[in-house]
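Take a look at the letters that make up each chain.
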Amino acid sequence: MRVHDLIGIGFGPSNLALAIALKENGPVDAVFFEKQATFGWHRGMLLDGTTMQVSFLKDLVTMRNPASEFGFLSYLRDKGRLADFINHKTMFPSRLEFHDYLEWAAAPFADQVEYRSEVVAVTPVTVDGVVDHLDVVVRQGGCADELTTRRTRNLVIAAGLEPVLPPGVVSDERVWHSEELLDRLPGLRDPRRVVVVGAGQSAAEVTDHLHGAFPEAEVCAVFAKYGYTPADDSSFANRIFDPEAVDHFYTAPEEVKRMLLDYHASTNYSVVDLELIDELYRRHYQEKVRGTERLRILNASRVVEVARRGPKAGPRVTVEFLPTGERTVLDADAVVYATGYRSGDPLTLLGAAGEYCELLPGGGPRIGRDYRVATRAEMRCGIYVQGATERTHGLTSTLLSNTALRAGEIAASISLNRSYARAR
């Protein structure tokens, strides 16, 4: 059986950046498995007018290699828009344009990526008590009976984020997570009322989009805060995303790590760009002046029940005002939960191979500074994680800010371990 140097699980921005780093560092026999049919990154939220919240310089390569041919500026030159973008005087491209950049960067790796392929198991291959290879079982083409096995010396897990719905909430044609927004909207015809649950950037963007897309509909934003919280994107606060901050965080005592995550949660979690907050408030106020409130802000509130009214009717939503307990019943055509994401547990994919991994006191794998999972001595294969490392590496774990450098560090670690294995 052919043995790959590396198998990557998932092919979003993280493993795409790794594929580029491997290409630039030297030839590596790598293959990536992606369960989507084509490359895509949060396609359901590519809303008109939305921009990136990170500088274009924090693309897939620039922080690692400013001269790379895969940088955002190279993309602009290739598309004939470099001068136009410079004249635009912005560091933050539209989300749609950045997604186009990612597709452009992914295109040269088509022969290394197998789409519509989902990894369902990882099995250690043991010889004389030593694990030198891992067998990766893949379901291809979306068919349960089409299973193939591929063998590798290194595994990189970058399975992305999982959308989170509140306990008891089940997605259907009338209730969905915000990640499905653009896929679901064509089926939402002439709605009278839509409820949006959440207080973060996605929730505010969904509220803004629905309010503009359906000029006859009432859009009800429900969240537990009194108002949207502005994101802290000030220059000093942004240092939490600097490369050096990863080193500082990784070596810090556990209580310091918790403190830093708490202090700087406002840079990333449940926060909204101030410009969007001001725009929503302006609309809300002007509608009050006109006496026709289509944008309803149900703040300091929570959804306590979503009841189905029938196969063709929308859900009935009960909202509780937290200070008084007063309840309001809203008959809606749809409910959109913009309630965030969480990193998947890499151990769920590893199966029997996970038994060789060292665990942290609170659970989860122990991960080295080079993003390699610490394992028992008999595990010779490298297992790396991209994304599920906030507890060990800090806030950049699931963000683009450190993607380029992290990919370079993983590529360097794999290269070093390959050299060591050949020398044994």
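On a predicted model such as this, the values are computed, not experimentally measured, just so you know. (Residues numbered from 1 in each chain as written. Predicted model: local features only at pLDDT ≥ 70, side-chain atom pairs only at ≥ 80, totals over all residues. Heavy atoms only, no water.)

(A) Spatial organisation of unusual backbone geometry. Phi at His42 takes a positive value of approximately 50°, unusual for a residue other than glycine. Within the secondary structure, His42 is located in the loop between strand S3 (30-34) and helix H2 (72-79). Unlike most non-glycine residues, Asp190 shows phi in positive territory, near 50°. Position of Asp190 relative to the elements: it lies in the loop between helix H5 (181-184) and strand S11 (193-197). Asp190 sits in the exposed class, given a relative accessible area of 72%. (Helix = DSSP H or I, 4+ residues; strand = E, 2+ residues; numbered from the N terminus. Buried < 20%, exposed > 50% of the residue type's maximum accessible area, 1.4 Å probe, protein only.)

(B) Inspection of a nonpolar patch on the surface at higher detail. A cluster of nonpolar side chains, contributed by Leu57, Met91 and Phe92, occupies part of the molecular surface with about 240 Å² of accessible area. Along the chain, Leu57 falls in the loop between S3 and H2. Leu57 sits in the partly exposed class, given a relative accessible area of 35%. (Patch = residues over 30% accessible without salt bridge, like charges linked within 9 Å, V, L, I, M, F, W, Y side chains within 5 Å. Areas by Shrake-Rupley, 256 points an atom, 1.4 Å probe, with all protein chains shown as cover. Salt bridge = Lys/Arg side-chain N within 4 Å of Asp/Glu carboxyl O.)

(C) Looking closely at the packing of helix H1 (residues 13-25) against helix H4 (residues 95-106). Contact geometry of H1 with H4 gives a least axis separation of 10 Å together with a crossing angle of 40°. When the axis of H1 is compared with that of H4, the two are oblique. Crossing hand, H1 versus H4: left-handed. Facing Pro13, Leu16 and Ile20 of H1, the residues of H4 in contact are Leu102, Ala105 and Ala106. Partitioning the contact of H1 with H4 into residue classes produces six nonpolar, no polar and no charged. (Axes fitted to C-alpha atoms, helices over the stretch in contact; angles between N-to-C directions. Parallel < 35°, antiparallel > 145°, perpendicular 65-115°, else oblique. Left-handed = near helix turned anticlockwise from the far one by under 90°. Contact = heavy atoms within 4.5 Å. Nonpolar A, V, L, I, M, F, W, Y, C, P; charged D, E, K, R; others polar.)

(D) Geometry of the pattern of salt bridges. If you walk through the whole model with that rule in mind, you get 27 salt bridges. When the shortest N-O distance is used, the salt bridge between Asp5 and Arg153 registers 3.1 Å. Of this pair, Asp5 sits in the loop between strand S1 (3-4) and strand S2 (6-9) while Arg153 sits in the loop between strand S7 (147-152) and strand S8 (154-157), and the two are 148 residues apart along the sequence. Judged by relative accessible area, which is 11%, Asp5 ranks as buried. Several salt bridges converge on common partners, so that one network encompasses Asp208, Glu279, Arg282 and Arg283.

(E) Summary view of the nonpolar core. Core analysis: the biggest nonpolar cluster contains 40 residues, and Phe11, Leu16, Leu18 and Leu60 have the highest contact counts within it. Elements with a contribution of two residues or more to this core: H1, S3, H2, H4 and helix H12 (403-423). Ranked by residues supplied to this core, first place goes to H1 with seven residues. Those residues in contact with Phe11, other than ones at most four positions away along the chain, are Leu16, Ala19, Phe32, Phe33, Glu34, Phe39, Ala106, Phe109, Val113 and Tyr115. (Core = buried A, V, L, I, M, F, W, Y, C linked by side-chain atoms within 4.5 Å.)

(F) Structural detail: the pairing of S8. Of the two faces of S8, the one lined by Asn154 and Val156 and the one lined by Leu155 and Ile157 are each fully buried. Pairing between S2 and S8: three bridges, direction parallel. Bridge pairing in S8 links Gly8 to Val156. The pairing of S8 with strand S19 (residues 382-385) spans four bridges and is parallel. (Pairing = 2+ DSSP bridges.)

(G) Looking closely at the sheet that holds strand S15 (residues 315-321). If you walk across this open sheet you meet the three strands as S14-S15-S16, and the pairing is antiparallel. Lying at the two open borders of the sheet, with one neighbouring strand each, are strand S14 (301-308) and strand S16 (327-331). Neighbour to neighbour, the strand axes of the sheet diverge by 20° on average, direction disregarded. In this sheet, S15 lies alongside S14 in antiparallel orientation, the contact comprising seven bridges. Across the sheet, the residue bridging to Ala307 is Arg316, located in S15.

(H) View of H2. Those residues of H2 not exposed but buried are Phe72, Ser74, Tyr75 and Leu76. As for H2, its buried residues are in contact with helix H3 (82-88) and H4. Gly80 sits one or two positions beyond H2 and adopts a positive phi of about 75°.

(I) How the structure looks around helix H6 (residues 201-213). Helix length check: H6, at 13 residues, gives a terminal C-alpha distance of 18 Å against a target of 18 Å (1.5 Å per residue), a fit within 8%. Within the sequence span of H6, burial applies to Gln201, Ala203, Ala204, Glu205, Val206, Thr207, His209, Leu210 and His211. (Expected span 1.5 Å × (residues − 1).)

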